[in-house]
Amino acid sequence: MRLSDIAVRRPVAAAVLSLLIVAFGALSFLQLPLREYPNIDVPIVSVDVTYTGAAAAVIESRITQVIEDRLSGIEGVKAITSSSRDGRSDISIEFDINRDIDDAANDVRDRVSGVLDNLPEEADPPEVSKVDADAQPIMFVGFFSSKHNQLELTDYADRYIVDRFSALSGVAQVRIFGQARPSMRVWLDRQRLTAFGMTTVDVEAALRRQNVELPAGRIESRDVNLTVRVARPYTTPEEFAQLVIGRGTNGYLVRLGDVGRVEVSAENPYTGFRGNGQAMVGLGIVRQSNANTVAVAHAVRALIPEVNRTLPEGMEISVNFDSSVFIDESIKKVYHTLAEAAVLVVVVIFLFLGSVRATLMPALAVPISLVGAFIVLAALGYSINLLTLLALVLAIGLVVDDAIVVLENVYHRIENGETPLVASFRGAGQVS
């Protein structure tokens, strides 16, 4: 029993089946994520090591080269790329496309754990992570002010703004770019250090020894229990300037302010983020892997006016970059092309067949087939992107060709004297 036989013998069931295809296809369409290109994740694992204060040459010789030599023998490695800069080493390992990313990450972790003893003690432990293609920001939001500096902007964004954008549906992470985290910076005068017979090692040792906060136990009595805490006395530049770092030859107490200048400044003064000609803090919006890029961008844009109303005077948030604009316009153009193709196909069929009734079948076959394709896309975990929409445009011709072949064969049999029912049954069965 062929499907065409059932459709001819039970037209009501065929109509109901077509309506179900349209209904489930429409529901699947609403659930499909919208993106520019298909989600193709190349197996890439990254190894990041932070060694604050070390020069790029030291990073290259003592960290990057050591880890690269250890990773070169892993199975399925296609390429290893590395970047060594002041204070940081970044290594990316690309594997063959058929290599399982979880197994590859485990192999990298095993190899990296074997070189921990060969790395500098002052360096942070290596961070091994799987690189996700969806981990790049889809838009950047600029946070700037005419009355506040980068330190204040970073602090406010970290405490109040990041959480508001992170709570949006479809947002996986909000990254802060150009951040200036506050730190206490000490600018030493080498001539004064020499005059007191001291070195930078003495200053570092004094800071480590005295700038601590230690638990002091508890005071317990019959009626009251108290927790004793030794408060760290150094919180401002003035207090740090009074920190004793040594004793001079005549018993004079040498303080930090005697050999240098202390100020509150950015932890890393060499990073920045600029937009529209001014310094600002950038918020990178990273979407979830299955989220709709355009929907996430629209949600972010809708939230910005609400956040601006609650900001202190002088602060403002604006969109600096939005990749969904291109995606949205591209998808709209493809939809427009899809509608044009469907209309032109129906017009051409009518011009050649000269019958409205004969044109009706191919005209109905096109939308039912295209909408039904969304069910398969959702079941296979695909997305709506430029390539899948292009495939739908091309598929219109295939659907119409098949419909015209069946229609012509049925119409030919009717001209030869068969009844419409018999011609439909035999003609569709013969073509199938």
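Everything here concerns the structure above.
Residues numbered from 1 in each chain as written. Predicted model: local features only at pLDDT ≥ 70, side-chain atom pairs only at ≥ 80, totals over all residues. Heavy atoms only, no water.

### Focus: a nonpolar patch on the surface
- A cluster of nonpolar side chains, Val12, Val16, Leu20, Phe24, Leu27, Leu30, Ile375, Val376, Leu380 and Tyr382, forms an exposed patch at the surface whose accessible area comes to about 990 Å².
- Looking at the nonpolar patch, the element that brings in the most residues is helix 2 (residues 11-31), giving 6 residues.
- Within the secondary structure, Leu20 sits in helix 2. (Patch = residues over 30% accessible without salt bridge, like charges linked within 9 Å, V, L, I, M, F, W, Y side chains within 5 Å. Areas by Shrake-Rupley, 256 points an atom, 1.4 Å probe, with all protein chains shown as cover. Salt bridge = Lys/Arg side-chain N within 4 Å of Asp/Glu carboxyl O. Helix = DSSP H or I, 4+ residues; strand = E, 2+ residues; numbered from the N terminus.)

### Considering the packing of helix 2 against helix 12 (residues 356-379)
- Contact pair helix 2 / helix 12: the axes reach a minimum separation of 7 Å and the direction vectors enclose 50°. When the axes of helix 2 and helix 12 are compared, the pair comes out oblique. Note that helix 2 runs across helix 12; the crossing there is left-handed. Taking contact as the criterion, the partners of Ser18, Ile21, Val22, Phe24, Gly25, Ala26, Ser28 and Phe29 in helix 2 are, on helix 12, Ile368, Val371, Gly372, Phe374, Ile375 and Ala378.
- Classifying every residue of the contact of helix 2 with helix 12 by side-chain character gives 10 nonpolar, 4 polar and no charged. (Axes fitted to C-alpha atoms, helices over the stretch in contact; angles between N-to-C directions. Parallel < 35°, antiparallel > 145°, perpendicular 65-115°, else oblique. Left-handed = near helix turned anticlockwise from the far one by under 90°. Contact = heavy atoms within 4.5 Å. Nonpolar A, V, L, I, M, F, W, Y, C, P; charged D, E, K, R; others polar.)

### Concerning the pairing of strand 1 (residues 44-50)
- Counted residue by residue, strand 1 has 5 buried out of 7 residues, so it is predominantly covered.
- Pairing geometry for strand 1 and strand 3 (residues 88-95), over 7 bridges, is antiparallel. Within strand 3, the residue paired with Asp48 across the bridge is Asp90.
- Here strand 1 pairs with strand 4 (residues 127-130) via 4 bridges, running antiparallel. What sits directly across from Val45, in strand 4, is Lys130. (Buried < 20%, exposed > 50% of the residue type's maximum accessible area, 1.4 Å probe, protein only. Pairing = 2+ DSSP bridges.)

### Side note on the packing of aromatic side chains
- With the rule as written, the count across this model stands at 7 aromatic pairs.
- The interplanar angle of 35° and the centroid separation of 6.1 Å between the aromatic rings of Phe143 and Tyr156 together place this pair among those described as tilted. Residue Phe143 is located in strand 5 (residues 139-145), and its partner Tyr156 is located in helix 5 (residues 150-166); the two are separated by 13 residues in the primary sequence.
- Classification of Tyr156 by relative accessible area gives buried; the value is 16%.
- In textbook terms, an aromatic cluster arises when at least three aromatic residues are bridged by ring pairs, as seen for Phe140, Phe177, Phe273 and Phe321. (Phe/Tyr/Trp six-rings, centres within 6.5 Å; stacked < 30°, edge-to-face > 60°.)

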